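# Notes for the structure review
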Amino acid sequence: MHKEVRISMFGVKEPVDTAVAVRTPEEGGQPPLSPGALRWVQAMAVLGLVVIVGSVVNWESPDLLKYFAFLSIAILSSAVNIDVPGVTGSFSLIFLFVLFGTLELTRPETVMMAALMAVTHRYCQQRQTRTAATIFNVGAAALGAAVSHSVYHASWLASEHVDSSVRLVIATTSLFVANTVPASFLAAMTEESSFIEIWRARHMWLTPYYLGGAAVAQVASIANRYVGWQTVLLTGPVIYLIYRTVGLYVERLEEQRRHAEAMSALHLRTIEALALAIEAKDHTTHDHIRRVQVYAMELAKELKLTKQETDALRAAALLHDIGKLAVPEHIISKPGRLTPEEFEKMKIHPVVGAEILERVQFPYPVAPVVRAHHEKWDGSGYPSGLTGENIPIGARIIAAVDCLDALASDRQYRRALPLDEAMKVVKADSGKAFDPRIVELLTEHYTKWERMAQEQNARASKLSTDVKVERGAAPAAGFESAAQAAPKQANEGAPAEDFLTSIAAARQEVQALFEISQDLGNSLSLDETLSVLAVRLRKIIPHHSLAIWVRREHVLVPEYVNGEDYRLFSSLEIPIGHGLSGWVAHNLKPIVNGNPTVESSYLGDSGKNSVLRSAVAVPLEGIGGLTGVLSLYHLDRDAFTKDHLRVLLGISSKIGISIENALRFRQVESSATTDFLTNLPNARSLFLQLDSEISRAKRGNQPLAVLVADLDGFKQINDRFGHLDGNKALKAVAAGLKTECREYDYVARMGGDEFVVLLPGARPIDAETAAERFQNMVAQTCSELFNEQILTASIGVANFPGDGSDAEQLLAEADRRMYKQKRDRKEGATTDRRHRLWENSWSVTVQ
């Protein structure tokens, strides 16, 4: 919905955003005024009607010909609006004729002239007008004319011999107040805004025009007295000629203003195009620029920056990273921490960005903001080490906003933080890296501004960077030939070194393959096997990243990853049939110089793209079928050759069998220390861990709590619902215990329905609190699974060193207390049951 003005007091046409009524674009009509606004319109209508009726009843006109002559000129003039350059509004000449009438006409004549002019102006300027607004304008016009005339001719002013010029100024002020106050009240009630703010914003600028009108009216009055009203009327064409001249001048000014605005808009669109060029290169900062701009502009409003500062900030928010065009792309897109040398290269981007923008010669200071947007409040930033208020305000804003968005966005070297946590990080650096005043405003408004940024990004169009162009068979210079590593054919002119190089390369390859074969059979540890394999492969096949994917049901999981895009590949679980490695697994066929960016395509997240440009992948098969996929990646296109593929195929079966054996060994090893049902550590693993925790507690003089939990009512679940549902309950309780514990707590299953929890560093009161939390979790889990309260938990707590100094003593004491709690519960339940039976029997006896 939007608001628009439909009120013009004495010819004052207010700005379009000061609406009396709200018009819905879809409806095209105007809904009724609010009750308060309607009562105000009715009051003004009644007052105006009283004034008009009084004027008719008490009509007096010494010279009707003179009155009708002036009335005709006034009505013709009321149809004209005068636009004021630099002001969002216009005014008519009605008030000028009212002031002239105040000086030369009777009160009834002035009132009727004002009312007729108001009606004429209303219908000439706004043909589709509402009746309420017209009645309001006419009533207010009549009332204003009556007030002005009455004040000027007031007996108390005449008796004091006040100069006529002073009386005219007082009358003009009265007319100004009578014109603007009613309209401001109506607008305030309609828009639910402050009356003072509306009156000051929309009417104060008219003050000099009213005073100027008073001077013109005074001159016309003097001319009327000395040369006659007929001569005054003859000046009408001259006044109209002046009006037309001024109109042409204003129109030319308006045309120049529109041209300046068009150039400014073109300037801003050019800036946005440059920002899109940066975004197209730096895919990891997708939508970053727009989000920074939204936050920055809202901060500018809150800080009440000047127009010059705001315009500079708007451009800098879009272009602050333009200097990254001078930073190598592999540094910008590096999926890990920068080296000192890489960081030195990265630090040039504010300087280069400022130098680029200095050549644009913006009419506002953009370059200093861009140069300083990595400066810190405490002086530890770069490139100049500025501190505090010495940093431009725009740079301080961008520094805080840029950091917040970077923390809350996915990057190749780390996952995004939740927005609230990112804000906490920024707040922690308040007064160190960032301006405390800016951080305070960010903390207060960041959730609202984030919604605004998301809405703007949703509306923004994206560059077609992923579009496939069907036409164009080949570039004019032809395609780059695929890399070939095969030895050149000997001929008579070939140098002897070619033969020696080929022989050396073949011998090196045989030696490397032999070492790989030997190493793969030396260990059953999967991690050790894959680590050795990665080292050996790097010597014979150049690559920047290696990933060994192991099949787990219908997905490939990264069992070993190193090199570029480590974080990206480590986070993937590729469905078989998707991506490059998934295709190899599904088809059991190798691929050479495939596109690594499709590995993450199943996520549907354009922000998770690999910087690697080529890949070779082979399926790894064991005795039981597909074991996984071995993939090597390179930063260059077409980096792998058929010889590289041949080497990988030669050892793939050996690798597949080794991985299969290592996985089986891991499974057997895990089953020896892990409970098969709940995947929790078993009793054997528990005793080892408990001994270790006791030793650690002794060394650090720290407390340790041991909790033994037994599920009460578990047999009833097995009897009523079956063992499958019993197993489901055990798994749910095990998962619940893990959830309720800290990362370094230890949860194990002793057997049956008995669990043990180790709480390092927990005091007795902490252990009791944890026990209550576990009991509530068991009750809630039972209710969710069986919709009734069958299962409870009895928990015994033993504390080191007070209840024992070794594993057996602690477990025995916790077990004893658990069984005591269980007995107390049973005895309590038996007592309650006997009490209920006694009450029932007593009730029967009494009856």
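Structure first, text after, so check above.
I will try to describe carefully the structure that is included in this document. (Residues numbered from 1 in each chain as written. Predicted model: local features only at pLDDT ≥ 70, side-chain atom pairs only at ≥ 80, totals over all residues. Heavy atoms only, no water.)

## Considerations on the overall build of the chain
Our working rule: Only DSSP runs of H or I with at least four residues qualify as helices, and only runs of E with at least two residues qualify as strands; both kinds are numbered from the N terminus onward. Only protein chains enter the accessibility calculation, which uses a 1.4 Å probe; a residue whose area is less than 20% of its type maximum is buried, one above 50% is exposed, and one in between is partly exposed. A contact between two residues is defined here by any heavy atoms of the two lying within 4.5 Å. Computed with the Shrake-Rupley method and a 1.4 Å probe, the accessible areas treat only the protein chains shown as cover for residues.
Check the secondary structure of the chain and you find 30 helices and 16 strands. Taken across its 847 residues, the chain has 44% of its residues classed as buried. When contacts within the chain are restricted to residue pairs at least 6 apart in sequence, long-range pairs at least 24 apart make up 64% of them. Only carbon and sulfur atoms are counted for the fraction: they give 56% of the accessible area of the chain, which is about 44900 Å².

## Examining the pattern of salt bridges
Filter applied, for reference: A pair is scored as a salt bridge if a Lys or Arg side-chain nitrogen falls within 4 Å of a carboxyl oxygen belonging to Asp or Glu.
If you walk through the whole model with that rule in mind, you get 25 salt bridges. The residue Asp 435 makes a salt bridge to Arg 396 at a minimum N-O spacing of 2.8 Å. With Asp 435 in the loop between α19 (419-428) and α20 (436-459) and Arg 396 in helix α18 (residues 393-407), this residue pair connects regions lying 39 residues apart in the sequence. Given the relative accessible area of 7%, Arg 396 is considered buried. Where Arg 773 meets Glu 740, a salt bridge forms, and the shortest distance between an N and an O atom there is 3.1 Å. Here Arg 773, found in helix α29 (residues 764-786), pairs with Glu 740, found in helix α28 (residues 723-740); they are 33 residues apart in sequence, far enough to count as distant. A relative accessible area of 34% means that Arg 773 is categorised as partly exposed. Look at the salt bridges and you will find they share partners, linking Asp 803, Glu 813, Arg 816 and Arg 817 into a network.

## Section: the nonpolar core
For the record, the criterion: What we call a nonpolar core is a set of buried Ala, Val, Leu, Ile, Met, Phe, Trp, Tyr and Cys residues that are connected through their side-chain atoms within 4.5 Å.
Membership of the largest hydrophobic core comes to 47 residues, with the highest contact counts inside it found for Tyr 295, Leu 299, Leu 313, Val 366, Ile 397 and Leu 442. Looking at this core, the elements that each hand over two or more residues are α12 (288-303), α13 (307-319), α17 (367-371), α18, α19 and α20. Discounting residues that sit within four places of it in the chain, Ile 397 has contacts with Ala 296, Leu 299, Leu 303, Leu 305, Leu 313 and Ile 438. Listed in part, the 38 residues of the second largest apolar core include Ala 146, Leu 168, Trp 205 and Ala 220.

## Examining α29
Definition in use: The length a helix should cover is 1.5 Å for every residue beyond the first.
Spanning 23 residues, α29 covers 33 Å between terminal C-alpha atoms, matching the ideal 33 Å at 1.5 Å per step. All of the buried residues in α29 are Ala 767, Ala 770, Ala 771, Phe 774, Gln 775, Met 777, Val 778, Ala 779, Thr 781, Cys 782 and Phe 786. Trailing α29 by a residue or two, Asn 787 shows a phi angle of about 60°, which is positive.

## Section: the side chain of His 634
Which entries qualify depends on this criterion: Pairs of N or O atoms are called polar contacts if they sit within 3.5 Å, as long as, within protein, a hydrogen donor faces a hydrogen acceptor (for residues adjacent in sequence, only side-chain-to-side-chain pairs).
With respect to the secondary-structure elements, His 634 resides in strand β12 (residues 625-634). Of the polar contacts made by the side chain of His 634, one reaches the backbone nitrogen of Asp 636; its length is 3.0 Å. Aside from chain neighbours lying at most four places away, what touches His 634 is Pro 542, His 543, His 544, Leu 612, Arg 613, Ser 614, Ala 639 and Phe 640.

## Here we look at a nonpolar patch on the surface
We apply this condition: Two distance rules govern patches: like charges are joined within 9 Å, and nonpolar side chains (Val, Leu, Ile, Met, Phe, Trp, Tyr) within 5 Å, applied only to residues with over 30% relative accessible area and no salt bridge.
There is a patch of nonpolar side chains on the surface, built from Leu 49, Val 53 and Val 57 and spanning about 300 Å² of accessible area. By secondary structure assignment, the location of Val 53 is in helix α1 (residues 35-57).

## Side note on the packing of α13 against α18
Our working definition: All axes are obtained by fitting lines to C-alpha atoms, using only the stretch in contact for helices, and the reported angles, taken between N-to-C directions, cover 0 to 180 degrees. Note on angle classes: values under 35 degrees are labelled roughly parallel, values over 145 roughly antiparallel, values of 65 to 115 roughly perpendicular, and the remainder oblique. The handedness criterion is simple: a crossing whose near helix is rotated anticlockwise from the far helix by less than a right angle is left-handed, and one whose near helix is rotated clockwise is right-handed. Polarity classes work like this: nonpolar for Ala, Val, Leu, Ile, Met, Phe, Trp, Tyr, Cys and Pro, charged for Asp, Glu, Lys and Arg, and polar for all others, with Gly in that last group.
Axis separation between α13 and α18 bottoms out at 9 Å; the angle between their running directions is 40°. Comparing their axes, α18 and α13 come out oblique. In the crossing of α13 with α18, the sense of the turn from one axis to the other is right-handed. Between α13, through Glu 309, Leu 313, Ala 316 and Ala 317, and α18, the contact on the second element is made entirely by Ile 393, Gly 394, Ile 397 and Ile 398. The residue makeup of the contact of α13 with α18, split by class, is 6 nonpolar, 1 polar and 1 charged.

## Details of the pairing of strand β7 (residues 545-552)
Let me state the cut-off plainly: Any two strands with at least two DSSP bridges between them are considered paired.
Within β7, 6 of the 8 residues are buried, which leaves it mostly tucked inside the rest of the structure. Across 8 bridges, the pairing between β7 and strand β8 (residues 555-563) is antiparallel. Of the residues in β8, the one forming a bridge with Ala 547 is Val 561. Linkage of β7 to β8, two consecutive antiparallel strands, is achieved through a turn of 2 residues, within which Glu 553 is found at a positive phi near 60°.

## A short note on the packing of aromatic side chains
Given two aromatic rings, their pairing is described by the distance between the two centres and the angle made by the two planes. The criterion, for reference: Here a Phe, Tyr or Trp ring, Trp counted by its six-membered ring, pairs with any other such ring whose centre lies within 6.5 Å, and the pair is stacked when the planes are under 30 degrees apart, edge-to-face when over 60, and tilted otherwise. Note on criteria: charge over ring means Lys NZ or Arg CZ within 6 Å of the ring centre, with the direction from the centre no more than 35 degrees off the ring normal.
Using the criterion set out here, one finds 10 aromatic pairs in the structure. Note on Trp 549 and Phe 569: the rings are 6.3 Å apart at their centroids and 80° apart in plane angle, and the pair reads as edge-to-face. Of this pair, Trp 549 sits in strand β7 while Phe 569 is found in helix α23 (residues 566-570), placing the two residues 20 residues apart along the sequence. Take Trp 549 and Phe 569: they sit in the same class, and that class is buried. Taking the ring centre of Tyr 152 as reference, the NZ or CZ of Arg 167 above it sits at 4.7 Å.

## A word on the sheet that holds β12
Pairing is antiparallel in the open sheet, where 6 strands are placed in the order β9-β8-β7-β12-β11-β10. Looking along the sheet, the strands with just one partner apiece sit at the ends: β9 (574-575) and β10 (591-594). Set on the sheet, helix α24 (residues 579-587) makes contact with β7, β8, β9, β10, β11 (614-622) and β12; between it and β12 the angle comes to about 145°.

## Looking at the environment of Phe 800
Tracing the chain through its elements places Phe 800 in strand β16 (residues 792-800). Judged by relative accessible area, Phe 800 falls into the buried class, the value being 8%. Look past the residues within four positions of Phe 800 in its chain and what remains in contact with it is Ile 694, Ala 697, Lys 698, Gln 702, Pro 703, Leu 704, Ser 805 and Leu 810.

## Observations regarding the sheet that holds strand β15 (residues 754-760)
Spatial strand order, β14-β15-β13-β16: 4 strands in an open sheet with antiparallel pairing. A single partner strand is all that each edge strand has here, and the edge strands are β14 (746-751) and β16. Across the sheet, the mean angle from the axis of one strand to that of its neighbour is 20°, orientation sign disregarded. Those strands touched by helix α26 (residues 683-700) are β13 (704-712), β14, β15 and β16, and its axis lies near 140° from that of β14. Along the sheet, α29 makes contact with β13, β15 and β16, crossing β16 at roughly 165°.

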